[in-house]
Structure formats: C-alpha cells, structure tokens
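Fold and contact review
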Amino acid sequence: MHKQNGNFILVLLLSFNSALFAQHNIAPCDKDATKETKVLYNNLKRSSGKGYLFGHQDDLAYGVNWRYEKDRSDVKESCGDYPGLYGWDLGGIEKDGQETNLDSVPFDKMREYIKSAYKRGGVITITWHLNNPMTGGNAWDNKPGTVTSVLPNGAKHDLYKTWLDKVANFILTLRGDKNELIPILFRPYHELSGSWFWWGKNNCAPEEFKSLWQFTKKYLSDIKKCHNLIYVYNTGTEPKTKAAYMERYPGNDMADILSFDTYQGGEPSSVNNNDYINNAGVLLNIIDSAAAENNKLTAMAETGYEAIPYATWWTDVLQKALNGHHIAYVLVWRNHGYQEQTKRMHYYAPYKGQVSQNDFMKFYNSDKTYFEKDAAKEKLYRVH
Ligand code: BMA
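Okay, so let's go over this structure. Per chain, the residues get numbers from 1 upward, laid out in the order the sequence is written. Only residues with pLDDT of 70 or above have their local features reported here, since the model is predicted, and side-chain atom pairs are shown and tallied only from 80 upward, although totals for entire chains, interfaces and linings are computed over all residues. Each side-chain value is worked out from all heavy atoms of the structure, with water and hydrogens disregarded.

**Structural notes on the overall build of the protein**
- Of the regular secondary structure elements, the protein holds 12 helices and 13 strands.
- A compact globule built from 384 residues would reach a C-alpha radius of gyration of about 21 Å, and the protein, at 21 Å, matches this within 12%.
- Considered along the principal axes of its C-alpha atoms, the protein spans approximately 80 × 50 × 45 Å.
- Put simply, the protein has 384 residues, and 57% of those count as buried.
- Residue pairs in contact within the protein that sit at least 24 positions apart in sequence constitute 74% of those at least 6 positions apart.
- Roughly 16,000 Å² of accessible area belongs to the protein as shown, and the carbon and sulfur atoms make up 51% of that amount.
- Asp and Glu count as negative and Lys and Arg as positive, but His and the ends of the chain are not part of the count. Here the site of a charge means atom NZ of a Lys, CZ of an Arg, CG of an Asp or CD of a Glu. Measuring between centres, the 45 positive side-chain charges of the protein sit 5 Å from its 44 negative side-chain charges. Secondary structure elements are defined from DSSP: runs of H or I of at least 4 residues count as helices, runs of E of at least 2 residues count as strands, and each element is numbered from the N terminus. Radius of gyration: over C-alpha atoms. The globule rule applied is 2.2 Å multiplied by the number of residues raised to the 0.38 power. Under the scheme applied here, a residue whose accessible area is under 20% of the maximum for its type counts as buried, over 50% as exposed, and between as partly exposed, the area being computed with a 1.4 Å probe on protein chains only. By the convention used here, residues are in contact when the closest approach between their heavy atoms is within 4.5 Å. Accessibility throughout is a Shrake-Rupley quantity obtained with a 1.4 Å probe, and a residue counts as covered only by protein chains that appear here.

Here it is in structure tokens:
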C-alpha cells in the first residue's frame, strides 16, 4: 500500500512536471538547466509568437553623455522605460586580476546591474570578446590555428580551461533573492561566419569550431555546473543559404537560439534602407526555417545604425525588417558616445533629444515590442 501510494505520487509529480513544459514543448539544450532557465526558455517561445524583447548593450552602465550614474539609461530617458533585455560582455574576465571588461565596465558593477534588471523582470544576455589565448592579442587577433591550440591536446588547452573557470565563477555569482541562478542568454563565439575574430570562418575548420563550442558548453554545464545558460548560436550576414548558416552549428544538444548580427552602414544621403531590410530578410527567413526544423528560437542578436542619422529608422527600417517574423529579441549595440579612436559618435539607441527619439517612442508603443514594463507583465520567470 505504502509503495503504491509512492508510485501514485510519483506519477502525479511526473505528469505535473511534463504539463509544466508541455505547453510550448521546448526545453533548453542543457538537460540539467535550472527551473528558472527552463521556464524562461519556454516563456520566450510563447512571447516570441506575439512580439520581441528590445535589448540594449551596456544600457545601465553609461550613455552618450554620462558614465555610471545610478538608475540612468539612455533608453529610459528616450521612451520612459528600460529595455526588456540587457546585453553585457565578459571580454577581459579571462585575464588574471582584471576588474573591468574591454569597454571599461567593472565586473562588480555589471553583476549589480544584472541583478537589478532581473529583479524588475528584465532578461540578460552575455557575449564574450575573449582575448586570443595563443598570441595574447585581443579577440580581433585572428591568427589561424588559435582554435586548434585551445582544443583538447592543444598547447593552450589548459590555459583555456582556466579562462572558462573565470567565466563560470562570475556566472555563478549571478543570483536572485532566493539564491537562484539568474538565467542568461549566453552568446559565445559570435559572428562566427565572419573572419575578424580568431574563431571566425577563415581561421578554423567547421569541425574545429564545433569542437570548440562543444567543449565549452560541456565544460560550463557538466564541470562548472553553470545550469543557467541558454546558448545562442550567432553568425553575421554572410550566410545566404540555410546550409551555409548551419555549416558550423554544433548540434541541437548544444544550442537553443539561432541568431545573426546585422548593421546598417553608410551615409544617410546615399544609403538605401531597402538594402538593410532585404539583407536582414534573407537571414530572418533562414533562421525561421532552421528554427522550425530544429525546434529552437530565433533572435536578431545585434543590430543598429551608428548614431541613428535617420529620424524614422525604428519604424521605417528596423520594424519593417522584422515584420512577419517571430524572433524572441532584437538588441542594439552600446551607447559609447564620442569615440576618440574612430573620431565618430558611437551609439545605437537614442538618448533624450536625439533625432530619432519621436520615432523610437512609436516603436516603443508598438504592440510588437517588449520593453521592461511589458517584459515584467509577461512574467517571463514564472510558469504559465
Ligand atoms: C564594437 C565596438 C567596440 C567595442 C566592441 C566590444 O562593436 O563597440 O568599441 O570594444 O564592440 O564591445
């Protein structure tokens, strides 16, 4: 009798558990993902049917005319709300004793920003512009052979593991009030179809790239127990077919979101906005189809038009490009302000008074965009 009761309870528990996740029938590739991570992934599947989170890189750290001022955000000052998604970069964390990332954001502050955004119901995504472990140069030091050197048996494999230890140490400090790990959309080895980073297309063979990814994912999940990561596979705009897009895909047990990065460039007087829309359209169609086949989600992981010189870029270009697709999120890059190195203004979200602010308000008010208040209403970390 006692045993039967136990069985009955077990069956009940099992059916409750499957009912929990059956609704949208999608599970992150990390089989041991935390409850919050599984729930977020399912909820992103649900929300992506209706609209997309709007994200901004380094949003809480600095803006065009300010640095490290509590609660400030150029996005908030432009539309009255924080972004629904926050992007951060761990580049530099691999170095011993390094306290700031490659764009001078202190890791201690980054952790606090991540915790505060999570508390308000926002979502977090992290990239890693890691240095070149073979040459000691930066991520753009694209010497072929670097990937080989970090794979098992490679000369830099042990060093690479110490770098992953540092990443894991940081990831494991990202916790909510109940000490639960904060789910992170983790996008390592991004823009893999270009060749400007050492892990890029011309610098390693497809199988080497896959091994790099597979080793990294397994080390972080199985050895370091970072069970709060949702893995984002990311190319540039180079692939023109699904086969080219998937050439370096590490497998369905290794990735959760299929994404690409695309930027608009050129002077506004000569630029044809349809080029951006058409090029993005090619990639959006590819990822829609690949995601449907592999039961994954999609995203436009980085985009923007530097210094947004076109006043209605948000609704005339970006929104038109995204129309009819079901991405989970779109993120625009960081608001650095004036960049000495390039002698240009370097920002991708408007700030108060910026020429595209009114149009950004329209974009904000659209049913399709989730900024933070909408993200909070969606209760992305709760079971529905
Ligand atoms: C680039 C620029 C650089 C920055 C890098 C990593 O696109 O914004 O200034 O260092 O991203 O964030």
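**Some points on helix α9 (residues 273–294)**
- Expected helix span is given by 1.5 Å per residue-to-residue step, counting one fewer step than there are residues. Between its first and last C-alpha atoms α9 spans 32 Å; for 22 residues at 1.5 Å apiece the expected length is 32 Å, and the two agree.
- By the burial criterion, the buried members of α9 are Asn273, Tyr276, Ile277, Ala280, Gly281, Leu283, Leu284, Ile286, Ile287, Ala290, Ala291 and Asn294.
- Where the residues of α9 are buried, they touch β7 (229–235), α8 (242–245), β8 (257–264), β9 (297–305) and α10 (313–322).
- Side-chain atoms alone can form a polar contact between residues adjacent in sequence; in general such a contact is a pair of N or O atoms within 3.5 Å, and within protein one must be able to donate a hydrogen while the other accepts it. Its side-chain oxygen 2.9 Å from the backbone nitrogen of asparagine 274, asparagine 272 forms the N-cap of α9.

**Remarks on a positive patch on the surface**
- In this scheme, patches are assembled from residues that exceed 30% relative accessible area and form no salt bridge. Like charges are connected within 9 Å, while nonpolar side chains (Val, Leu, Ile, Met, Phe, Trp, Tyr) are connected within 5 Å. What counts as a salt bridge is simple: a side-chain nitrogen of Lys or Arg found within 4 Å of a carboxyl oxygen of Asp or Glu. A contiguous patch of positive charge, built from Lys35, Lys178, Lys379 and Arg382, is present on the exposed surface.
- Note on placement: lysine 379 falls in the segment after α12 (372–378).

**Quick look at the packing of aromatic side chains**
- Aromatic rings from Phe, Tyr and Trp, taking only the six-membered ring of Trp, are treated as a pair when their centres fall within 6.5 Å; an angle between ring planes under 30 degrees marks them as stacked, one over 60 as edge-to-face, and anything in between as tilted. Within this structure, the stated rule accounts for 31 aromatic pairs.
- With a centroid separation of 5.4 Å and 65° between ring planes, the pair formed by tyrosine 263 and tyrosine 348 is classed as edge-to-face. Taken together, the residues tyrosine 263 in strand β8 and tyrosine 348 in the loop between β12 (344–346) and α11 (357–365) connect sequence positions 85 residues apart.
- On the basis of relative accessible area, tyrosine 263 is assigned to the partly exposed category, the value being 33%.
- Consider the rings of tryptophan 313 and tryptophan 314, whose centres lie 5.1 Å apart with planes at 85°: the pair is edge-to-face. In this structure, tryptophan 313 and tryptophan 314 share a single accessibility class: buried.
- Members of the aromatic cluster, connected to one another through ring pairs, are Tyr52, Phe54, Tyr276, Trp313, Trp314, Phe360, Phe363, Tyr364 and Phe371.

**Considering the packing of α10 against α11**
- Close contact between α10 and α11 brings their axes to 8 Å; oriented N to C, the two are set at 50°. On the basis of their axis angle, the class for α10 and α11 is oblique. In contact with Trp313, Trp314, Thr315, Leu318 and Gln319 of α10, α11 contributes Asp359, Phe360, Lys362 and Phe363.
- For the contact of α10 with α11, the class distribution of residues is 5 nonpolar, 2 polar and 2 charged. Only the stretch in contact is used when a helix axis is fitted, and all axes are lines through C-alpha atoms; the angle between N-to-C directions ranges over 0 to 180 degrees. Small angles under 35 degrees read as roughly parallel and large ones over 145 as roughly antiparallel, with 65 to 115 read as roughly perpendicular and the rest as oblique. When residue character is reported, Ala, Val, Leu, Ile, Met, Phe, Trp, Tyr, Cys and Pro are called nonpolar, Asp, Glu, Lys and Arg charged, and the others, Gly included, polar.

**Quick notes on the side chain of threonine 127**
- Inspection of the secondary structure assignment puts threonine 127 in strand β5 (residues 123–127).
- A polar contact is formed between the side chain of threonine 127 and the side chain of aspartate 89, at a distance of 2.8 Å.
- For threonine 127, the residues in contact, after removing those within four places along its chain, are Gln57, Trp88, Asp89, Leu90, Arg187, His190 and Trp333.

**Concerning the site of the ligand**
- Within the structure, the ligand sits among Leu102, Asp103, His129, Trp140, Trp333, Arg334, Gln339 and His346.
- At 2.8 Å, a side-chain N or O of arginine 334 approaches an oxygen atom of the ligand.
- Measuring from an oxygen atom of the ligand, one finds a side-chain N or O atom of histidine 346 at 2.6 Å.
- The protein chains hide 75% of the 310 Å² of surface that the ligand would expose on its own.
- Residue composition of the shell around the ligand, grouped by class: 3 nonpolar, 3 polar and 2 charged. Nearness of a residue to a molecule or strand requires only that one of the residue's heavy atoms be within 4 Å of it.

**Regarding a nonpolar patch on the surface**
- There is a patch of nonpolar side chains on the surface, built from Leu102, Trp140 and Trp196 and spanning about 280 Å² of accessible area.
- Relative accessible area serves as the criterion here: at 34%, tryptophan 196 is assigned to the partly exposed category.

**Considering the side chain of asparagine 335**
- Mapped onto the fold, asparagine 335 is located in the loop between β10 (329–332) and β11 (337–339).
- A distance of 2.9 Å separates polar atoms of two side chains, one belonging to asparagine 335 and the other to aspartate 74.
- With residues near it in sequence (within four places) discarded, asparagine 335 still touches His56, Gln57, Tyr62, Gly63, Val64, Arg67, Asp74, His346, Tyr347, Tyr348, Ala349 and Pro350.

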